[in-house]
Each structure stands twice: as C-alpha cells, then as structure tokens.
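Observations on chain architecture
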Amino acid sequence: MTKNFIIIALVMSVLYACNSVKLPLAKFNASPLGYSQKVVGDSLVITLDNLLKCPVRIVLNDTLLNKRFESKGMVVLNPSEKKRVSVFLSEAKQYNSGANYMLGNAMSFPKETRLTLPFQKGKKYKVIQGHNGSFSHKDGLSKLALDFDLKTGDTICAAADGFVVGLVDKYKHHGKDSSWKNYANFITLYHPETGLFTEYIHLKEKGALVTIGDFVKAGQPIALCGMTGWTTMAHLHFVAYFRNTSWKSEPVNVNFIEGYKAEELKNGDVVKSNSL
C-alpha cells in the first residue's frame, strides 16, 4: 500500500509540475530596429536605423503623428538604411513615443514560390498537419503552413538563399492552448530574389545556429528543432509568406524542388529532402 501511494504521489507531482508552467514574463524582440527621438523646437526629430538586410516599413505609435509622418511619403527603409525625419508637434507636445515596423515591401505577388524542404538532405519526415489543419492551421499565416515531425535536436535547414531577419531562441517551455502562440522560438529568413519570407517555428532553447544579419544558402543548417510555444509535441512549423499591397502578411502555396506541392500534402505523408 505504501509503495503504491509513493508511486501515485510521484505521478501526481510530475503532472502538477507539467501543468504549473506559466507563460513567460518576458517577450523577446525578434528583429532589431534602431530608433531615437528628441524634441527640437516645434518638431519631433526621429532617427531610424534599419539594422536588417530587408526593407522595413516604419509606423509611429502615435496615430496623429503617424499621419503627419506618412504625409511626407510612406517611410520605408531600404536594407541597412539610416534616415532622420522631422514631424510637427501640436502646442501641447504630448504624444505616444516609439515606433513599430513591418518587415518587407509591398508587392503584388512573389516572382517564385519554389523552395527546398527545410531539413537535411536525405532525411525523411512525416507531415503531421497540412494546410487549414484542424488543430492550429485555421487562420492567418498558419492556414498555409506545414508541420513536420522533426524531433527535439533535429536539424532545420534554410529553404532558400537569404538573410536572417528575425530570431528568438530564449524560450524554454510549451503549452497546449493558444495563449502560448507568441512564446515559441523561431527564425525568419528574407529571400531578396523573390521577396518571400520563410519562418521556422518551435525551435529548441538556444537552438539557433545563425544570428541576425547572416546570409544563408539553401539547405544550410540554421537551427535545432524543439518544443516551445503552442504545441503538444516537438515538430517544425514551416510557412512562407510575403507583404501584399495592403501591407498584410499573406501566406503562399509552396512548390518544393523535390517535387512536392504543399497544398497536396496531407497528414501522414512522408517527404524526403534532396536539397544540396
């Protein structure tokens, strides 16, 4: 009886520990933007520094100031560009400071959507969730995403030549509901030849093999798979998208150079990478 009680207590303590993991207190910045501001006379002088190797659209946090900001022409910084802009202030000079940004430049559609499978040459993996999947591929970018059953520590590779423009690999934990959606480790690559972005999500803690600004080749190892964010198992969540003419992130169907069409892949299909 005592032995059974100890076993039950141990099981309960493990279950309690698993269920007691709370959402992280800190959120990490994936893509750095140099930003500073100061009041000079009746104007707010803003210095912007795009530290990334892709275009970036700047949006001020203050709605009124942003209208004046964009009246000078929509402010899009080229890769690695630095710019100073003055915006007129009202007499009260009260405003919400700071800015947000959107990766990329608006385009009608990418020139090319062929990519290589995002794992090592010769490796085979099963698709565990395809387009419009019932668990988490219902809307937004995820509706055209693919989940591959990589295990923790398996190597993730770049799907095309490009630059690292987003990276977070400091999260440790995962959760089974959507409140964990924004707490997954990931890498974002920008592919200048097509205007596409690709994202690789659920990376292992400290699992990045590259840094912001690195240029990578198709098939190059960029990260280790993990189990972070909104998930119940280790896997790679992969999606490609572009910035459309309404400045929204729009996912795309991908044709893999290995001969697979992403929209045709279903749960249970096994795919093999032949990339160099």
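Structural data are supplied above this passage.
Let me begin by describing the structure that accompanies this report. Every chain is numbered on its own, with residues counted from 1 as its sequence reads. Only residues with pLDDT of at least 70 get local features here, since the model is predicted, and only at 80 or more are side-chain atom pairs given and counted; chain-wide, interface and lining totals rely on the full set of residues. Side-chain measures were taken over the full set of non-hydrogen atoms in the model, leaving aside hydrogen atoms and water.

1. Considerations on the pattern of salt bridges
The term salt bridge refers to a side-chain nitrogen of Lys or Arg lying within 4 Å of a carboxyl oxygen of Asp or Glu. Throughout the structure, instances matching the rule amount to four salt bridges. Residue Arg 114 is joined to Glu 112 by a salt bridge in which the shortest nitrogen-to-oxygen separation is 3.6 Å. Overall, the relative accessible area of 51% leaves Arg 114 in the exposed class. Only protein chains enter the calculation, and the probe is 1.4 Å; a residue is then buried if its accessible area is under 20% of its type maximum, exposed if over 50%, and partly exposed in between. Overall, Glu 112 belongs to the partly exposed group, its relative accessible area being 33%. The closest approach of N and O atoms between Asp 149 and Lys 151, which form a salt bridge, is 3.6 Å. Of the residues examined, Asp 149 reaches a relative accessible area of 14% and is grouped as buried.

2. Overview of the environment of Leu 60
Relative to the helices and strands, Leu 60 resides in strand S3 (residues 56–60). A relative accessible area of 6% means that Leu 60 is categorised as buried. Counting along the chain gives 41 residues from Leu 60 to Tyr 101, while the straight-line C-alpha distance between them is 8.3 Å. Contacts were defined at the residue level, with two residues in contact if any of their heavy atoms lie within 4.5 Å. Once you skip the residues sitting within four places of it in the chain, Leu 60 turns out to touch Tyr 35, Ile 46, Leu 65, Asn 66, Phe 69, Gly 98 and Ala 99. Strands here mean DSSP runs of E at least two residues long; helices mean DSSP runs of H or I at least four residues long; both are numbered from the N terminus.

3. Focus: the environment of Val 127
Locating Val 127 in the fold gives a position in strand S8 (residues 124–129). With a relative accessible area of 0%, Val 127 lands in the buried category. Taking the C-alpha atoms as reference, Val 127 lies 6.4 Å from Asp 149; in sequence the two are 22 residues apart. Residues in contact with Val 127, not counting those within four places in the same chain, are Asp 147, Phe 148, Leu 265, Lys 266, Asn 267, Gly 268 and Asp 269.

4. Some words on the sheet that holds strand S4 (residues 76–77)
At least two DSSP bridges between two strands are needed for those strands to be called paired. With antiparallel pairing, the three strands of this open sheet are ordered in space as S4-S3-S6. For this open sheet the edge positions go to S4 and strand S6 (99–103), each flanked by a neighbour on one side alone. Looking at chain direction, S3 and S4 are connected through two bridges and run antiparallel. Bridging from a neighbouring strand, Arg 57 pairs with Val 76 of S4.

5. A look at the state of the cysteines
When two cysteine sulfur atoms lie within 2.5 Å, the pair is treated as a disulfide. Using the criterion set out here, one finds zero disulfides in the structure. Free cysteine: Cys 157, not disulfide-bonded; nearest cysteine sulfur from Cys 225 at 12 Å. Of the residues examined, Cys 157 reaches a relative accessible area of 1% and is grouped as buried.

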